[in-house]
Amino acid sequence: MSGKQEGVNIESLSAQQLTAVKQQLDEEVEHLTASYTQLAAAQAKFKECLRIVQTGSSSFDDNKDILVPLTNSLYVKGKLSNPDRVIVDVGTGFYVEKDTKSATDFYDAKVKELGTNIQNLEAIVQGKTNNLRVVEEVLRQKVLAQGAGPASAQA
């Protein structure tokens, strides 16, 4: 396979084929939109982690109680043993102890990487949405033409 995609003139497709193409584009746009939402949520979480690492470590002292998240809704009371060191979730359940500068760099890189991915996905969603509009317009014209054809033949 050469990797080149050949275009198809959508005006040459039947209404049934256009309906199938529209349905496929609808599903792709829905899936891409869900992916966009997930990426934006992940970016927001990393931004929050970055904010906490940047502002949190300097505001803690060794004797101050903190709430440690065990799950999204369960927190337990704890104390920081060293406010200049944090534990970072690096993915797939692995945690690494880092100093606050390294943690800041890690989260900053993640936020930037997700931002780039979000921008790329936005462009893809926009292109698919434009394709969907074109298919819908051609389908509408075909349906109107099919509806007008028998009526004009009877007159």
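Up top is the structure these notes are about.
Since the model is a prediction, treat every value here as computed from it, not as a measurement.

Visitor: Please provide a residue-by-residue account of the pattern of salt bridges, values included.
Guide: Applying the stated criterion across every chain yields a total of 8 salt bridges. Linking Arg-85 and Glu-97 is a salt bridge whose minimum nitrogen-to-oxygen distance equals 3.1 Å. With Arg-85 in strand E3 (residues 85–91) and Glu-97 in strand E4 (residues 94–99), the pair connects residues that are 12 residues apart, well separated along the chain. Between Glu-137 and Arg-140 there is a salt bridge, with its nearest N and O atoms 2.5 Å apart. Pair noted here: Glu-137 and Arg-140 are both in helix H2 (residues 100–154), with a separation of 3 residues, about one helical turn. Several salt bridges share partner residues, and in doing so they unite Lys-22, Asp-26 and Glu-136 into one network.

Visitor: Account for the side chain of Thr-104, naming residues and giving values.
Guide: Relative to the helices and strands, Thr-104 is located in helix H2. Other than its neighbours up to four places away in sequence, Thr-104 contacts Leu-50, Val-53 and Gln-54.

Visitor: Pulling in residues and values, what's your account of the environment of Leu-74?
Guide: If you trace the backbone, Leu-74 turns up in the loop between strand E1 (65–69) and strand E2 (75–79). On the accessibility criterion, Leu-74 (43% relative accessible area) is partly exposed. Apart from the residues within four sequence positions on either side, Leu-74 is in contact with Val-68 and Pro-69.

What counts, and at which threshold
Residues numbered from 1 in each chain as written. Predicted model: local features only at pLDDT ≥ 70, side-chain atom pairs only at ≥ 80, totals over all residues. Heavy atoms only, no water. Salt bridge = Lys/Arg side-chain N within 4 Å of Asp/Glu carboxyl O. Helix = DSSP H or I, 4+ residues; strand = E, 2+ residues; numbered from the N terminus. Contact = heavy atoms within 4.5 Å. Buried < 20%, exposed > 50% of the residue type's maximum accessible area, 1.4 Å probe, protein only.

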